[in-house]
Amino acid sequence: MSVVTVPSSMSAETPPVSKPLAKALPQARARARFERWYPWGIGLLAAILVAWWNPPAKMVYDALKGCLGSAVDAAAILAGFQGTALALLFTLIGSAPVKALRRRGLFSELVRYHWHAILAMLIAVGGAMGLLALQGIVTDFGAWSRWIAGGSAFVVVAASLAAYRVTRLMVMILMLPNLEAPENSHAT
């Protein structure tokens, strides 16, 4: 059985704490914190590593020049995909899995994850368009290359992981069984 982790503060129900549950709750809370922050944390780690590496200015400029147009297209398509996935989620509002998420107070967190993914993709589009415009004016990023490379790494990694997170959760929700059906209703 798959477990959809979300921060424990989102749970509307106070779970009883028996011996096995008392041991599992800290692990579930840790998984929930990780799930909430890993796109941004790993994105920040990527940015720090790229800035620490300090790639040559010409390499940064040439690499971005070769991929910014495609990045705009890809991020715009992914933002649209995330918007469509959010619309799909709202069409499932009356389904048993979504009702169960709402009862547990987890639905708003899932919607927030969708918003983060859409916003991150739109930031990627805006950042790439800004860099494209800047490249139309300057022929080298100069001393700013390190920070532009780090910022680009952050946006690409964080946006990609935010999209992955919400897509993975949507697939898990769509695969949930009908929670309102009787347990032994497999016979047709």
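Please refer to the structure placed before this passage.
Below or above, wherever it landed, is the structure these notes cover. (Residues numbered from 1 in each chain as written. Predicted model: local features only at pLDDT ≥ 70, side-chain atom pairs only at ≥ 80, totals over all residues. Heavy atoms only, no water.)

What follows deals with the packing of helix α2 (residues 57-91) against helix α5 (residues 145-174). It is the contact of α2 with α5, at a shortest axis distance of 11 Å, that shows an interaxial angle of 25 degrees. One element, α2, and the other, α5, form an angle in the roughly parallel class. The handedness of the crossing between α2 and α5 comes out as left-handed. Contact residues: α2 offers Ala57, Val60, Leu64, Phe81, Gln82, Ala85, Leu88 and Leu89, while α5 offers Ser145, Ile148, Ala149, Ser152, Ala163, Val166, Thr167, Met170 and Leu174. For the contact of α2 with α5, the per-class residue count stands at 13 nonpolar, four polar and no charged. (Axes fitted to C-alpha atoms, helices over the stretch in contact; angles between N-to-C directions. Helix = DSSP H or I, 4+ residues; strand = E, 2+ residues; numbered from the N terminus. Parallel < 35°, antiparallel > 145°, perpendicular 65-115°, else oblique. Left-handed = near helix turned anticlockwise from the far one by under 90°. Contact = heavy atoms within 4.5 Å. Nonpolar A, V, L, I, M, F, W, Y, C, P; charged D, E, K, R; others polar.)

This paragraph deals with the pattern of salt bridges. Following the criterion strictly, the structure yields four salt bridges and no others. In this structure, Glu109 and Arg36 form a salt bridge, with 2.8 Å as the shortest nitrogen-oxygen distance. In this pair, Glu109 sits in helix α4 (residues 107-137) while Arg36 sits in helix α1 (residues 19-53), placing the two residues 73 residues apart along the sequence. Residue classification places Glu109 among the buried positions, given a relative accessible area of 1%. Here Glu109 and Arg112 are joined by a salt bridge, their closest N and O atoms 2.5 Å apart. Of this pair, Glu109 and Arg112 are both found in helix α4, three residues apart, which corresponds to roughly one turn of the helix. Bridged by salt links that share partners, the residues Arg36, Glu109 and Arg112 form one connected network. (Salt bridge = Lys/Arg side-chain N within 4 Å of Asp/Glu carboxyl O. Buried < 20%, exposed > 50% of the residue type's maximum accessible area, 1.4 Å probe, protein only.)

The next subject is the layout of surface pockets. Computed from the structure, the second largest pocket encloses a volume of approximately 350 Å³. Lining the second largest pocket are 21 residues, with Ala71, Ala124, Ser152, Val155 and Val156 sitting closest to its centre. Within the residue set of the lining of the second largest pocket, elements represented by two or more residues are α2, α4 and α5. For the lining of the second largest pocket, the residue count by class is 17 nonpolar, four polar and no charged. (1 Å grid on protein atoms, 1.4 Å probe; cavity = no way out; pocket = protein on both sides within 12 Å on 5 of 7 lines; lining within 4 Å. Points joined across faces, edges and corners; volume = space filled by probe spheres on them.)

A positive phi angle, close to 55 degrees, is found at Asn54, a residue other than glycine. Along the polypeptide, Asn54 turns up in the loop between α1 and α2.

Of the positions making up helix α3 (residues 96-103), those classed as buried are Ala96, Pro97, Val98, Ala100 and Leu101. The secondary structure elements touched by the buried residues of α3 are α2, α4 and α5. Positive backbone phi, at 75 degrees, marks Gly105, one or two positions downstream of α3.

It is worth spelling out the nonpolar core at this point. Counting 18 residues, the largest nonpolar core has Leu64, Met121, Leu131 and Phe141 as its most contacted members. Where this core is concerned, the elements lending two or more residues are α2, α4 and α5. Leaving out residues up to four positions away in the same chain, Met121 has contacts with Ala75, Leu78, Ala79, Ala159, Ser160 and Ala163. Judged by nonpolar contacts, the second largest core, of 16 residues, contains Leu106, Leu110, Ile118 and Met170. (Core = buried A, V, L, I, M, F, W, Y, C linked by side-chain atoms within 4.5 Å.)

The next point concerns the side chain of Arg165. Here Arg165 shows up in helix α5. Glu109 provides the closest opposite charge to the buried, salt-bridge-free Arg165, at an N-O distance of 6.4 Å. Within the structure, the side chain of Arg165 is placed 2.9 Å from the backbone oxygen of Arg36, a separation counted as a polar contact. Ignoring any residue separated from it by four or fewer positions in sequence, one finds Arg165 in contact with Glu35, Arg36, Tyr38, Pro39, Trp40, Tyr113 and His116. (Lys, Arg positive; Asp, Glu negative; His and termini not counted. Polar contact = N/O pair within 3.5 Å; in protein donor to acceptor, adjacent residues only side chain to side chain.)

Now for a nonpolar patch on the surface. A surface patch of nonpolar side chains, about 620 Å² in accessible area, is lined by Leu45, Leu49, Trp52, Trp53 and Met59. Here the element with the most residues in the nonpolar patch is α1; it accounts for four residues. Position of Leu49 among the secondary structure elements: in helix α1. Classification of Leu49 as partly exposed rests on a relative accessible area of 47%. (Patch = residues over 30% accessible without salt bridge, like charges linked within 9 Å, V, L, I, M, F, W, Y side chains within 5 Å. Areas by Shrake-Rupley, 256 points an atom, 1.4 Å probe, with all protein chains shown as cover.)

Honestly, that's just the spatial picture; any functional story needs more than this.
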